[in-house]
Amino acid sequence: KLPFQPTAGAAAQNDTLYIPSLGSAVNNKTIESFSLVNGARGWGYRTTSEVFTSPAVGGDVGDPKLYFVTRTGHVICMDANNYGYSPSGPRWEELVEAGVQFPLFVTPDDRGEVGAVFVVDNDGVVYCLDRITGARRWNNATGRLPVSGAQVFGNIVVAKMKSGLIGYESHNVFYVLTVAK
(Lines give C-alpha, C1' and ligand atoms only; values in the text may rest on other atoms or scores of the structure.)
Protein backbone atom coordinates (compact mmCIF):
# COMPACT_ATOMS: atom_id res chain seq x y z
CA LYS A 1 0.00 0.00 0.00
CA LEU A 2 1.43 3.39 -1.04
CA PRO A 3 1.73 6.06 1.67
CA PHE A 4 0.93 8.82 -0.89
CA GLN A 5 -1.24 9.50 -3.95
CA PRO A 6 0.57 8.81 -7.27
CA THR A 7 0.03 11.44 -9.97
CA ALA A 8 1.00 9.39 -13.07
CA GLY A 9 2.44 6.08 -14.20
CA ALA A 10 5.70 4.61 -12.97
CA ALA A 11 9.09 3.85 -14.52
CA ALA A 12 11.23 0.83 -13.61
CA GLN A 13 14.93 0.09 -13.91
CA ASN A 14 16.80 -2.97 -12.64
CA ASP A 15 15.22 -3.57 -9.21
CA THR A 16 13.68 -0.11 -8.66
CA LEU A 17 10.30 1.48 -9.33
CA TYR A 18 9.97 5.30 -9.60
CA ILE A 19 6.59 6.94 -8.98
CA PRO A 20 5.61 10.64 -9.16
CA SER A 21 3.38 12.02 -6.41
CA LEU A 22 2.10 15.13 -4.70
CA GLY A 23 4.01 14.01 -1.63
CA SER A 24 2.46 13.39 1.75
CA ALA A 25 2.32 15.05 5.12
CA VAL A 26 5.08 12.71 6.31
CA ASN A 27 7.80 13.29 3.69
CA ASN A 28 6.45 15.66 1.00
CA LYS A 29 8.52 14.18 -1.88
CA THR A 30 7.42 14.39 -5.51
CA ILE A 31 9.43 11.44 -6.90
CA GLU A 32 9.50 8.24 -4.84
CA SER A 33 11.54 5.04 -5.28
CA PHE A 34 10.63 1.51 -4.22
CA SER A 35 12.41 -1.83 -4.35
CA LEU A 36 10.86 -4.28 -6.81
CA VAL A 37 12.52 -7.07 -4.83
CA ASN A 38 10.94 -6.55 -1.41
CA GLY A 39 8.65 -3.51 -1.80
CA ALA A 40 10.69 -1.40 0.63
CA ARG A 41 10.55 2.36 0.23
CA GLY A 42 13.78 3.87 -1.08
CA TRP A 43 14.70 7.50 -1.59
CA GLY A 44 12.47 10.43 -2.46
CA TYR A 45 13.17 13.82 -4.01
CA ARG A 46 11.22 17.07 -3.77
CA THR A 47 11.00 19.11 -6.97
CA THR A 48 10.10 22.79 -7.33
CA SER A 49 6.59 21.93 -8.56
CA GLU A 50 4.29 18.95 -9.11
CA VAL A 51 5.13 16.01 -11.35
CA PHE A 52 1.95 15.02 -13.19
CA THR A 53 3.51 12.87 -15.93
CA SER A 54 5.18 9.47 -15.92
CA PRO A 55 8.96 9.45 -15.51
CA ALA A 56 11.29 7.56 -17.86
CA VAL A 57 14.52 5.63 -17.34
CA GLY A 58 17.22 5.55 -19.97
CA GLY A 59 20.90 4.97 -20.47
CA ASP A 60 23.34 2.13 -20.02
CA VAL A 61 22.32 -0.74 -17.75
CA GLY A 62 25.36 0.00 -15.57
CA ASP A 63 24.64 3.73 -15.35
CA PRO A 64 20.89 4.36 -15.80
CA LYS A 65 19.30 7.79 -15.44
CA LEU A 66 15.81 8.79 -14.27
CA TYR A 67 14.17 11.57 -16.33
CA PHE A 68 11.02 13.49 -15.41
CA VAL A 69 9.41 16.85 -16.03
CA THR A 70 7.51 19.12 -13.65
CA ARG A 71 4.28 20.97 -14.32
CA THR A 72 6.27 24.22 -14.67
CA GLY A 73 8.65 22.80 -17.30
CA HIS A 74 11.72 21.75 -15.32
CA VAL A 75 13.23 18.70 -17.03
CA ILE A 76 15.31 16.80 -14.47
CA CYS A 77 17.83 13.95 -14.80
CA MET A 78 18.95 11.95 -11.75
CA ASP A 79 21.03 8.83 -11.23
CA ALA A 80 18.86 5.71 -11.14
CA ASN A 81 21.40 3.11 -10.17
CA ASN A 82 20.95 2.68 -6.44
CA TYR A 83 17.50 2.18 -4.99
CA GLY A 84 18.49 2.47 -1.33
CA TYR A 85 20.60 5.63 -1.39
CA SER A 86 19.41 9.00 -2.56
CA PRO A 87 21.44 10.65 -5.32
CA SER A 88 23.20 13.80 -4.14
CA GLY A 89 20.94 15.80 -6.45
CA PRO A 90 20.02 16.15 -10.11
CA ARG A 91 22.67 15.36 -12.73
CA TRP A 92 21.19 18.23 -14.73
CA GLU A 93 18.07 20.36 -14.91
CA GLU A 94 16.79 22.26 -17.95
CA LEU A 95 13.88 24.70 -17.95
CA VAL A 96 11.73 24.75 -21.08
CA GLU A 97 9.83 27.90 -22.07
CA ALA A 98 6.29 26.88 -21.03
CA GLY A 99 4.75 24.40 -18.64
CA VAL A 100 4.48 20.73 -19.53
CA GLN A 101 1.50 18.43 -19.17
CA PHE A 102 2.68 15.48 -21.28
CA PRO A 103 5.33 12.81 -20.57
CA LEU A 104 8.81 13.14 -22.00
CA PHE A 105 10.49 10.45 -24.09
CA VAL A 106 14.10 9.24 -23.93
CA THR A 107 15.73 7.63 -26.97
CA PRO A 108 18.51 5.08 -26.41
CA ASP A 109 22.13 5.61 -27.35
CA ASP A 110 22.60 4.36 -30.90
CA ARG A 111 25.70 3.71 -33.03
CA GLY A 112 27.97 5.73 -30.76
CA GLU A 113 25.54 8.66 -30.58
CA VAL A 114 24.17 9.71 -27.21
CA GLY A 115 20.39 9.40 -26.90
CA ALA A 116 18.02 12.33 -26.61
CA VAL A 117 15.27 13.52 -24.29
CA PHE A 118 12.23 14.86 -26.17
CA VAL A 119 9.79 17.21 -24.43
CA VAL A 120 6.70 18.95 -25.84
CA ASP A 121 5.66 22.03 -23.87
CA ASN A 122 2.14 23.46 -23.54
CA ASP A 123 2.80 25.98 -26.33
CA GLY A 124 3.69 23.22 -28.82
CA VAL A 125 7.44 23.75 -28.75
CA VAL A 126 9.34 20.48 -29.15
CA TYR A 127 12.72 20.25 -27.40
CA CYS A 128 15.55 17.81 -28.02
CA LEU A 129 17.98 17.62 -25.09
CA ASP A 130 21.20 15.64 -24.84
CA ARG A 131 20.48 12.63 -22.61
CA ILE A 132 23.79 12.91 -20.72
CA THR A 133 24.32 16.68 -20.33
CA GLY A 134 20.81 18.14 -20.74
CA ALA A 135 22.15 20.64 -23.30
CA ARG A 136 19.61 21.68 -25.92
CA ARG A 137 20.38 20.16 -29.29
CA TRP A 138 17.49 22.06 -30.84
CA ASN A 139 13.94 23.22 -30.27
CA ASN A 140 11.14 23.66 -32.79
CA ALA A 141 8.22 26.04 -32.27
CA THR A 142 5.46 24.21 -34.12
CA GLY A 143 2.81 26.92 -33.74
CA ARG A 144 0.37 24.10 -32.97
CA LEU A 145 -1.36 22.92 -29.82
CA PRO A 146 -0.05 19.57 -28.53
CA VAL A 147 -2.38 16.69 -27.68
CA SER A 148 0.25 14.28 -26.27
CA GLY A 149 3.92 13.96 -25.50
CA ALA A 150 6.51 12.62 -27.90
CA GLN A 151 6.24 8.96 -28.97
CA VAL A 152 8.84 6.76 -30.67
CA PHE A 153 8.48 4.67 -33.80
CA GLY A 154 11.77 2.99 -34.67
CA ASN A 155 14.32 5.79 -34.83
CA ILE A 156 11.70 8.51 -35.41
CA VAL A 157 10.08 10.49 -32.59
CA VAL A 158 6.61 11.86 -33.31
CA ALA A 159 4.83 14.77 -31.63
CA LYS A 160 1.05 14.68 -31.97
CA MET A 161 -0.55 18.09 -32.46
CA LYS A 162 -4.21 19.05 -32.91
CA SER A 163 -3.58 19.69 -36.60
CA GLY A 164 -1.37 16.68 -37.32
CA LEU A 165 1.89 14.91 -36.57
CA ILE A 166 5.47 16.15 -36.67
CA GLY A 167 8.32 13.63 -36.87
CA TYR A 168 11.86 14.19 -35.64
CA GLU A 169 15.14 12.44 -35.31
CA SER A 170 17.68 13.57 -32.74
CA HIS A 171 19.26 16.13 -35.08
CA ASN A 172 16.38 17.74 -37.00
CA VAL A 173 12.77 17.77 -38.19
CA PHE A 174 12.15 14.72 -40.36
CA TYR A 175 8.61 15.17 -41.67
CA VAL A 176 5.37 17.07 -41.04
CA LEU A 177 1.89 15.64 -41.63
CA THR A 178 -1.15 17.88 -41.42
CA VAL A 179 -4.79 16.99 -41.02
CA ALA A 180 -6.86 17.69 -44.15
CA LYS A 181 -9.87 19.94 -43.60
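Anything mentioned here points back to the structure above.
First, a word on scope: everything that follows refers to the structure included in this document. (Residues numbered from 1 in each chain as written. Predicted model: local features only at pLDDT ≥ 70, side-chain atom pairs only at ≥ 80, totals over all residues. Heavy atoms only, no water.)

1. Comments concerning the sheet that holds strand S2 (residues 16–20)
Two modes of strand pairing occur in sheets, parallel and antiparallel, and in both the strands are linked by backbone hydrogen bonds. With antiparallel pairing, the four strands of this open sheet are ordered in space as S1-S2-S3-S4. Of all strands in the sheet, those with a lone pairing partner are strand S1 (11–13) and strand S4 (41–45), marking the two edges. For this sheet, the mean inter-axis angle between neighbouring strands, taken without regard to orientation, is 20 degrees. Bridge count between S1 and S2: three bridges; the pairing is antiparallel. Paired with Ala 11 across the two strands is Tyr 18, which belongs to S2. (Pairing = 2+ DSSP bridges. Helix = DSSP H or I, 4+ residues; strand = E, 2+ residues; numbered from the N terminus. Axes fitted to C-alpha atoms, helices over the stretch in contact; angles between N-to-C directions.)

2. Some points on the pattern of salt bridges
Scanning the model with the defined rule gives nine salt bridges in all. Glu 32 serves as the salt-bridge partner of Arg 41, at 3.1 Å between the closest nitrogen and oxygen. For Arg 41, a relative accessible area of 32% puts it in the partly exposed group. Several salt bridges converge on common partners, so that one network encompasses Asp 63, Lys 65, Asp 79 and Arg 91. (Salt bridge = Lys/Arg side-chain N within 4 Å of Asp/Glu carboxyl O. Buried < 20%, exposed > 50% of the residue type's maximum accessible area, 1.4 Å probe, protein only.)

3. A few points about the pairing of strand S8 (residues 92–95)
A regular strand carries its side chains on alternate faces of the sheet. In S8, alternate side chains face the same way, and those of Trp 92 and Glu 94 are buried while those of Glu 93 and Leu 95 on the opposite face are not. Two elements, strand S7 (residues 74–79) and S8, share four bridges in a ladder whose sense is antiparallel. Residue pairing for S8: Val 75 is matched across the bridge by Glu 94.

4. Here we look at the packing of aromatic side chains
Working definition: an aromatic ring pair is given by the centre-to-centre distance plus the angle between the planes. This model, assessed by the stated rule, comprises four aromatic pairs. Here the aromatic rings of Tyr 67 and Trp 92 are separated by 6.1 Å at their centres, their planes lie at 50 degrees, and the arrangement is tilted. Taken as a pair, Tyr 67 in strand S6 (residues 65–69) and Trp 92 in strand S8 lie far apart in primary sequence, 25 residues in all. Like Tyr 67, the residue Trp 92 is buried in the burial classification. On the basis of an interplanar angle of 25 degrees and a centroid distance of 4.9 Å, the ring pair of Trp 138 and Tyr 168 is categorised as stacked. (Phe/Tyr/Trp six-rings, centres within 6.5 Å; stacked < 30°, edge-to-face > 60°.)

5. Details of the nonpolar core
By size, the foremost hydrophobic cluster in this structure holds 15 residues, and its most contacted members are Tyr 67, Val 75, Trp 92, Leu 104, Val 106, Val 117 and Val 119. No other element matches strand S11 (residues 125–130), which puts three residues into this core. With sequence-adjacent residues up to four places away left out, Trp 92 is seen in contact with Tyr 67, Val 75, Ile 76, Cys 77, Val 117, Leu 129, Asp 130, Arg 131, Ile 132, Thr 133 and Gly 134. Ala 116, Val 126, Ala 159 and Ile 166 belong to the second largest nonpolar core, which has 12 residues in total. (Core = buried A, V, L, I, M, F, W, Y, C linked by side-chain atoms within 4.5 Å. Contact = heavy atoms within 4.5 Å.)

6. Details of unusual backbone geometry
A positive phi angle is found at Asn 14, which is not glycine, with a value near 50 degrees. Here Asn 14 shows up in the loop between S1 and S2.

7. Concerning the environment of Ala 135
With respect to the element layout, Ala 135 can be found in the loop between S11 and strand S12 (136–141). Residue class for Ala 135 comes out partly exposed when judged on its relative accessible area of 39%. As for Ala 135 and Ala 116, which are separated by 19 residues in sequence, their C-alpha atoms are 9.9 Å apart. Excluding anything up to four places from it in sequence, Ala 135 contacts Cys 128, Leu 129 and Asp 130.

8. With respect to the pairing of strand S10 (residues 116–120)
By the criterion of burial, S10 is predominantly enclosed, with five of the five residues buried. What you see with S10 is no split at all: Ala 116, Phe 118 and Val 120 on one side and Val 117 and Val 119 on the other are buried throughout. Pairing between S10 and S11: five bridges, direction antiparallel. Among the inter-strand pairings, Phe 118 is bridged to a residue of S11, identified as Cys 128.

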